[in-house]
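# An overview of the molecular structure
Below are the chains, spelled out letter by letter.
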Amino acid sequence: MASETAESNPVSVSDENADKYNVEAAEILANEALAKYWKQYVEAFMAANNDEATRQVFSRCLLNCLQVPLWRCYIRFIRKVNDKKGIEGQEETKKAYEFMLSYVGADIASGPVWMEYIAYLKSVPAQTTLEESQRMTAIRKMYQRAIVMPTHHVEQLWRDYENFENSVSRALAKGLLAEYQKYNSARLLFTGERKKYVDEIDWNMLAVPPSGSSKEEMQWTAWKRLLSFEKGNPQRIDNASANKRIAFAYEQCLMYLYHYPDIWYDYAMWHAQSGSRDSAIKVFQRALKALPDSEMLKYAYAELEESHGAAQAAKKVYESLLGDGSNATALSHIQFIRFLRRTEGVEAARRYFLDARKSPNCTYHVYVAYAMMAFCLDKDAKLAHNIFEAGLKRFMHEPSYILEYADFLCRLNDDRNTRALFERALSSLPPDESVEVWKRFVQFEQMYGDLSSMLKVEQRRKEALSQTGENGESTLESSLQDVVSRYSFLDLRPCSSKDYDHLARQEWLSRNVNKKVQSSVPANGAGSAGPHVSVLSGASTLPNGTAPDSGGTTSAINDVLKVLPPSLATFVANLPAVEGIY
């Protein structure tokens, strides 16, 4: 679209400059400021009669600032330049109007543009009968194009068209007007609906990166509603016209939501789904100039290229994610290995893995990903096992790696090596980092072991983790919660939901019972009313919404609040002070 308009642009800017404008600096500049500022800027040069500077400014901003006031300023400039050139100047001016309407003719505020163009056509003198006939035909066609556009001035344009046809021939007017009358009610309904969505948009919003403010979210929502409305084609116009309106809506949206990757993605995928892969690629290229650090958009772009068989183009995108390799992320290594496996085969993926593991940014994720690829895609369990073993030398200190390796061994039904892995890992991990590994070891024994092995591992777990807390002595005791854990399966439990919640509350209370007693019993012995009575403050505990006033419980309360959803944590922390039995 950009190259086509560059060729027909009456402003004397070369195709090379227009293309450069489209994909480089002007894209950024135009979207970083409002069209009204460009309008003020260019009007200063127009007032000084500096035509060359005026052309340069228009070449920098016009095609990406799809706002009617700026384009009308452009038309004023074109008319001023061409007014004294006779017939040649008239043709250039007509081309400029058509050029403008191809870009902003679908804008709901473009009514004055259509009216201005029609007025200009009426003002052009005709020297012969043939020229007069051609002029009237051109005016009629322009009216007929204008009255099907959903603009604020559609009713005025319709009245003007009726007057025009009646002034030419009342006999012919009736038939011509009836032909377009059928569009009238649907058009008016559509215009009213469209106006409702357009009015929600703040046209003075600057294109800045999203900060998460409520105003920005409202604008994002307003644009999404308008885009969805346009995609629905409620006016039931032909596909070409509907697609033009949708593209126009996206281009306008990007003037304001220029730094929103989801808008760029939606625009590109809309083009792709409409069958225009080339347009989708251009949108992705523009998007990556706007957001060069967006990995999401790069993966989406590479996916588009790969899905259409352009493996080399996709490879270039992946290589841009890797850079020189020194700053490549673990995820970029993993996705490139997968891409090579899909497009170039097993050997290419293996070679890259051998290089990637030498990278300073190579984490355990790369080993896990390649091992699982060998296991799941290549059906090579031996190679996968060797990769996990090689990774264990580097990542024995990573609990997550241990768990992934254990899952792999369980898939092989290799219980002997799984137990050996847990023992090796737990002998080297500090207690505070081994919680999840112990948990998985217990689950493993519940699935693969006998009762004796289950009980032994559970007891060892309690002994190991008792070193991590101040109340470790209480964790050494057996509890009914242990029984529930041993005899549950998936979402099935040997108790009701009410009993399960009760056990969870009791377990939490037992871990904090010493702190609660110390902080809730006053120095004067006022707490001797009995074990079930305490003074409760607003900073409550999780199970029943209560907590002691101060002391060691504060950190425990804070720990609980951290794991709650923000809204629930705020509610719990602000509960009123209560005194009573719990």
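Residues numbered from 1 in each chain as written. Predicted model: local features only at pLDDT ≥ 70, side-chain atom pairs only at ≥ 80, totals over all residues. Heavy atoms only, no water.

Looking at an unreviewed UniProt entry, one finds the chain named Cleavage stimulation factor subunit, with Sesamum angustifolium as its source organism. Annotation of the chain in UniProt includes, under Subcellular location (unreviewed entry), the sentence "Nucleus". (UniProt positions renumbered as here; feature names shortened; annotations may be inferred.)

## Description of the confidence of the model for the chain
Residues of the chain with pLDDT of at least 70 account for 80%, and the chain-wide mean is 82. Within the model, pLDDT remains below 50 along residues 520-552, and this stretch shows 53 contacts once partners closer than five positions in the same chain are excluded. (pLDDT = per-residue confidence, 0-100. Contact = heavy atoms within 4.5 Å.)

## Considering the UniProt feature "repeat: TPR" (unreviewed entry) in the chain
As recorded in UniProt, the feature "repeat: TPR" (unreviewed entry) lies at residues 261-294. Split by type, residues 261-294 is 79% helix and 0% strand. Its first and last C-alpha atoms lie 8 Å apart. (Helix = DSSP H or I, 4+ residues; strand = E, 2+ residues; numbered from the N terminus.)

## Looking at the packing of helix 18 (residues 311-322) against helix 19 (residues 330-343)
Contact geometry of helix 18 with helix 19 gives a least axis separation of 10 Å together with a crossing angle of 165°. By the angle between their directions, the pair helix 18 and helix 19 is classed as roughly antiparallel. Read as a crossing pair, helix 18 and helix 19 show a hand that is left-handed. The residues of helix 19 that touch helix 18, namely those facing Ala311, Ala314, Lys315, Tyr318, Glu319, Leu321 and Leu322, are Ser332, His333, Gln335, Phe336, Phe339, Leu340, Arg342 and Thr343. Classifying every residue of the contact of helix 18 with helix 19 by side-chain character gives eight nonpolar, four polar and three charged. (Axes fitted to C-alpha atoms, helices over the stretch in contact; angles between N-to-C directions. Parallel < 35°, antiparallel > 145°, perpendicular 65-115°, else oblique. Left-handed = near helix turned anticlockwise from the far one by under 90°. Nonpolar A, V, L, I, M, F, W, Y, C, P; charged D, E, K, R; others polar.)

## Quick notes on the environment of Pro69
Along the chain, Pro69 turns up in helix 6 (residues 68-82). Spatially, the C-alpha atom of Pro69 lies 9.4 Å from that of Ala109, the residues being 40 residues apart in sequence.

## Quick notes on the packing of aromatic side chains
This structure, assessed with the given rule, holds 43 aromatic pairs. Ring geometry for Trp38 and Tyr41: centres 6.2 Å apart, planes at 45°, overall tilted. With Trp38 and Tyr41 both in helix 4 (residues 35-47) and three residues apart, the pair spans about one turn of that helix. Accessibility expressed as a relative area gives 7% for Trp38, which makes it buried. Residue Tyr41 is classed as partly exposed on the basis of its relative accessible area of 37%. When the centroid spacing of 5.2 Å and the interplanar angle of 85° are considered together, the rings of Phe375 and Phe408 count as edge-to-face. With Phe375 in helix 21 (residues 364-376) and Phe408 in helix 23 (residues 399-411), this pair connects stretches of sequence that are 33 residues apart. Phe375 sits in the buried class, given a relative accessible area of 18%. These aromatic residues form a ring-pair network of at least three members: Phe353, Tyr364, Tyr367, Tyr370, Phe375, Phe388, Phe395, Tyr401, Tyr405 and Phe408. (Phe/Tyr/Trp six-rings, centres within 6.5 Å; stacked < 30°, edge-to-face > 60°. Buried < 20%, exposed > 50% of the residue type's maximum accessible area, 1.4 Å probe, protein only.)

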